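Summary of the model geometry
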Amino acid sequence: QFLTGVPSDAINTVLQTLHDMGIIYYSSANLSDVLFYDPTSLSNAMSTLIQNKDKIAKDGILYREDLESVLEAYGSKLCNKYIIRILEKHEVIFQYGAENNTDSINRSNSSKKQLIVPCMLSYNPTESFVSYKKQFSAAPKYHTQFGRVYRFSFLPLGLFSRLIVSILHLPKVQCPQKYQLGMIVEQMEGISTTQIGMIEHDLSSSTLTLRVQASQGRRASRNELFLKLIQAVDSLLSTFYGGEAHNVAIDIPCYHCLEKNQNDPTLFSYDVVVESFLKGKQLYCKDLLLQLEKLAPDIILDNLSVLDSVTVQECIGRGGFAVVYLGKMNETTVAIKKLMIKETEEQIKAFHEFHNEVYIMSLLSHPNLIKLYGITLNPLQMVMEYIPNNTLYYWLDNKTFTDSDFSWKLRLKIALDTAKGYFYL
């Protein structure tokens, strides 16, 4: 009725224009969800939130019921879900699944739904953040420091807000201090902090700097926080920024320089370190020989089991960057995926895809997902559980099979097991 007199072929254009102007909100083609609202009211509601952030929010965490109370003061209660949906769509607020996090605010009110509002964080570093930052310059000698520097040719919109949200959802991780362009991250074991990390986004130089400090204990555990943060950044770049992520220059600072708290550490490009790993080349910082497990534990897959009792047999598959073989690990039949190293510009891309696949598989453990046993380093291979009897496509596409060959009972079991695997993921 509100569009009476508008030609039918122009209705969608009118709706989209009003939607873009902020006069209406609609979320379905059949106009079943149309919301009229006054942009000024929404602006006033957000202004109230910002002015009272110290009372109703802590470190950018806001309870949904508090947000709804503010919105009700400037509009109908029925509009709340739509307004919140709009704020989520434009990434003003984010849902917060706090069940895996260890912040004290989560423990005290875990039953309430929480939202992350990055714009409600302080724009400048807080005194507490600066205090935490000083820990890196006063690190004990027995601590190892890892680092990574991302250099952007542009400033990705919403990068750090998304990164804050991603890191807050990491298991066994808490963020005692954060502001709009930086955060302190702690790896927790029970109530004890085992590692500490710092991430800052420098707008003037378009760089994202990551550092982690860990005691020189067991290799797999001392790298845990660093690997989590690296994967969070890399996943964010590839998921939200697609091909633009390839335009990011990645540098790796020398750990000797970091431990000496040098302001201008020696930097090695990501590609140079990968080439050193793949070809066995040595890297030096001035006259000091560097250990790759300290320089870039993520690149050398330092957290995985390295296998030596693996025998390669016949080829059973081939892809763009890798070949899959049948093989033996002791007496167990396995599938072995070997990275094919070529002297081309695709070498780094091939390694990166192989590396991501290995890392993700190392995190998974479920009876309906293929198991990763470990890797070999020379040559670089991933050793996986071998699943016989061909592919699902082979069984579904084979027109010669009868019901007795491929019964509906078996089909339903395969569908159920597949669903269980997807649900776990």
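Report on the accompanying structure. None of the values given here were measured: they were computed from a predicted structure.

Before going further, it helps to spend a moment on the sheet that holds strand β4 (residues 61–63). The strand order across the open sheet formed by four strands is β3-β4-β6-β5, and the pairing between neighbours is antiparallel. Looking at which strands have only one partner, the edges of the open sheet turn out to be β3 (57–58) and β5 (94–96). In this sheet, strand β6 (residues 114–116) lies alongside β5 in antiparallel orientation, the contact comprising three bridges. Looking at the pairing, Gln95 lines up with Leu115 of β6. Across the face of the sheet, helix α4 (residues 64–72) comes into contact with β4, β5 and β6 while running at roughly 70° to β4.

It is worth spelling out the sheet that holds strand β11 (residues 207–215) at this point. Ordered by their spatial adjacency, seven strands build an open sheet running β8-β9-β10-β11-β7-β12-β13, and the pairing between neighbours is antiparallel. Pairing within the sheet leaves two strands with one partner each, and these edge strands are β8 (173–179) and β13 (267–269). Going across the sheet, the axis of each strand differs from the next one's by a mean of 20°, ignoring polarity. In terms of strand pairing, strand β12 (residues 249–253) meets β13 through three bridges, oriented antiparallel. Residue Ile252 lies in a different strand from β13, and its bridge partner there is Phe268. Seen against the sheet, helix α8 (residues 159–168) touches β8, β9 (182–189), β10 (192–202) and β11 and runs at an angle of roughly 150° to β8. Helix α12 (residues 270–279) rests against β7 (143–151), β12 and β13 of the sheet, and its axis sits at about 75° to β13.

Here the focus is the pattern of salt bridges. Counted by the stated rule, this structure contains twelve salt bridges. The salt bridge partner of Lys172 is Glu189, with a shortest N-O separation of 3.3 Å. Of this pair, Lys172 sits in the loop between α8 and β8 while Glu189 sits in strand β9; the two residues are 17 residues apart in sequence, bridging distant segments of the chain. A relative accessible area of 35% places Lys172 in the partly exposed class. Note on Glu189: relative accessible area 39%, which makes it partly exposed. In this structure, the salt-bridge partner of Lys279 is Glu275, at a minimum N-O distance of 3.3 Å. Here Glu275 and Lys279 lie together in helix α12, a separation of four residues that amounts to about one turn.

Basis of the calculations
Throughout, residues of each chain are indexed from 1 in the direction in which the sequence is written. Only residues with pLDDT of at least 70 get local features here, since the model is predicted, and only at 80 or more are side-chain atom pairs given and counted; chain-wide, interface and lining totals rely on the full set of residues. Only hydrogens and water are removed before side-chain values are computed, so all heavy atoms of the structure are retained for them. Pairing between two strands is assigned when DSSP locates at least 2 bridges connecting them. A run of DSSP states H or I qualifies as a helix once it reaches four residues; a run of E qualifies as a strand once it reaches two. Both are numbered from the N-terminal end. Throughout, a contact is declared for two residues whenever any of their heavy atoms are within 4.5 Å. Lines fitted to C-alpha atoms define the axes, with helix axes restricted to the stretch in contact, and inter-axis angles between N-to-C directions lie between 0 and 180 degrees. Definition used for salt bridges: Asp or Glu carboxyl oxygen within 4 Å of a side-chain nitrogen of Lys or Arg. Residue exposure (1.4 Å probe, protein chains only): buried if accessible area is under 20% of the type maximum, exposed if over 50%, otherwise partly exposed.

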